[in-house]
Amino acid sequence: MSFHRRSIWRGSSNRLRQNEAWQECLYIAGLILAVSMLFFVNLTDLPLLDPQEGTLALAAKAIYQGMASNDAFLAKEDYLVHSPLPYNLIALAYNFAGVDELTTRLPGALLGGASVIILYGIGREIFVARIPAMFSALVYLTCLPVVRYSRLASLNGPLLCFELLTIWAALRSRRNLQWALVTGMGFSLMSLTQSLFAWQILLIVLLFLRWDTPRLLNSAYFWVGLIMGALPCLAWYSVLLVDYWQSGNSSNFISTLLLPTSMAVNQPELTFNLYLLHFMPYFFPWLFVMFAGLQSIKHNLHWGWGKLLGVWLGGYFIFGLLTLPQNYWLILPLFPPLALTAGRQLEQIRNLPSNVNYPQAWIYGFALMSFVVALAGINWGIRQYFDFYLPLICGFLSITFGVTALIIAQQDRQFITLLFWGLFVSTLLLIISPHWLWELRVNEPVKPIAELIIEHTEPKSIIYSSMTRKRPSLDFYSDRQIINQSVIQLKEHWQEDTKAYLLVDLETKNQLKIPPQAILDEESLDSLGWVLAIKN
């Protein structure tokens, strides 16, 4: 009688792997659901923010309108030379789904949301265990600057995604050299978005591999894959070099390649309250956990995760000093390594014995944040009442921080779940409110002005304005060229041109002495403090 030997472990091993696969799918599906709620909800209700969103949308619209020509994806403007990829992504979105706020912001939101999933993959690579990887992804997901700037039409969402893709592929290439090709692709995508940032991240990756896996840098297969993946950016900059060389401006090529791109988002005229609201998310609520995680890195430099986070944070901090004075928003790429340190720290706290006391600074810190947020809610609810959103959000946050402090004082690890849930709901409440772009409050609404310009001016006409600050979004919505000029220049146009359109404020109107019959009588425009004068 013949028989086949069968391992007694084979069945249970397969079931274990099946359970692991199902758990992994559930974790990733949960992250995708959370990302969909925070990154894609309410993208269309608010107009584009100047100057960055308006500039990107205006350039992408020009590319979209010229897609039938040979220069569809090679724009000649200087701002496209610096970072062509974001403009072309938005132009493709216009081509498939039309021109509006959703298609303008959707590419950045998609890439920013994808960075959450990739960060979870990085956590699985360096921590192996699922819990610290999930904690890291949730910390990163509930960092308001990451969500808010990824939702904008900007370089932030793409840069975060491509940064994490490059590092994740480099980690996987330690076991499979084919992933070196993806590492090069990530570097290529970063270079086509922001070249100086790409070189910083590539240097960080090489320093980490030199420390952790030096054999990889001695492999010809690794370098071949890296170079093959970087071919798109090498081709692009080769074309630029030839173009600069033929035009006699070869010295400008180095500045184009290395100088940071100035794409500021904030407005310099923000009030004190808006400045406080703008910078507060950078400091709470994960500051205490991140700081504790930073302290644990120096005690774990013999582990791969300690080496990666040490090189990532230290290297970017040193290299970032070259760019932070010009672009403060470039601090955003530090959030992924900080989220990983916080996730590791939360996992260690979760496994602490019940007799070990939690840090007292956390109790006082969360209690203080609860008090400050409650005062902010009272201020916006009574003194400067806008609507019920801000008091509701502040109230929910205050309760979350207060209960978190109480649970930490009771040595209960459930504070982790409570804090994640409270921050997620608070962020979602802010996203569905009209306040997630609070910078819009310092400017007059652009859409009503654009609608009146479209109604009373000829297509593709030039409109001279007394605005002191460039509003690219007004050009985008009105499909006209708005040129800001001084009072003297406006007076010359009004006196010398046979046909002129002037968009001026009330004070400038009185200085120009425009006759009443030439002024468009629109109550909605007058209420905004602007008038449209037409000379025909």
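The structure this text deals with has already been given above.
Residues numbered from 1 in each chain as written. Predicted model: local features only at pLDDT ≥ 70, side-chain atom pairs only at ≥ 80, totals over all residues. Heavy atoms only, no water.

A. Summary view of helix 10 (residues 195-212). The terminal C-alpha atoms of helix 10, which comprises 18 residues, lie 26 Å apart, in line with the 26 Å expected from a rise of 1.5 Å per residue. Among the residues making up helix 10, those that are buried are Ser 195, Leu 196, Phe 197, Ala 198, Gln 200, Ile 201, Leu 202, Ile 204, Val 205, Leu 206, Phe 208 and Leu 209. A side-chain oxygen of the first residue of helix 10 lies 3.3 Å from the backbone nitrogen of Leu 196; this N-cap is Gln 194. (Helix = DSSP H or I, 4+ residues; strand = E, 2+ residues; numbered from the N terminus. Expected span 1.5 Å × (residues − 1). Buried < 20%, exposed > 50% of the residue type's maximum accessible area, 1.4 Å probe, protein only. Polar contact = N/O pair within 3.5 Å; in protein donor to acceptor, adjacent residues only side chain to side chain.)

B. Representation of the pattern of salt bridges. Here the structure, examined in full by the defined rule, presents 14 salt bridges. Close ionic contact of Glu 24 with Arg 124 constitutes a salt bridge, the shortest N to O distance being 3.4 Å. In this pair, Glu 24 sits in helix 1 (residues 10-39) while Arg 124 sits in helix 5 (residues 101-127), placing the two residues 100 residues apart along the sequence. The exposure class of Glu 24 is buried, given its relative accessible area of 18%. Close ionic contact of Arg 172 with Glu 125 constitutes a salt bridge, the shortest N to O distance being 2.9 Å. Taken together, the residues Arg 172 in helix 8 (residues 156-172) and Glu 125 in helix 5 connect sequence positions 47 residues apart. By sharing partners, the salt bridges in this structure join Glu 24, Arg 124 and Arg 130 into a single network. (Salt bridge = Lys/Arg side-chain N within 4 Å of Asp/Glu carboxyl O.)

C. Highlighting the packing of helix 7 (residues 144-151) against helix 21 (residues 415-432). Viewed as axis vectors pointing N to C, helix 7 and helix 21 meet at an angle of 30 degrees, and their least axial separation amounts to 11 Å. Comparing their axes, helix 21 and helix 7 come out roughly parallel. As helix 7 packs across helix 21, the resulting crossing turns out to be right-handed. For the pair helix 7 and helix 21, contact is made by Leu 144, Val 147 and Arg 151 and by Thr 427, Leu 430 and Ile 431, respectively. Per-class residue counts for the contact of helix 7 with helix 21 are 4 nonpolar, 1 polar and 1 charged. (Axes fitted to C-alpha atoms, helices over the stretch in contact; angles between N-to-C directions. Parallel < 35°, antiparallel > 145°, perpendicular 65-115°, else oblique. Left-handed = near helix turned anticlockwise from the far one by under 90°. Contact = heavy atoms within 4.5 Å. Nonpolar A, V, L, I, M, F, W, Y, C, P; charged D, E, K, R; others polar.)

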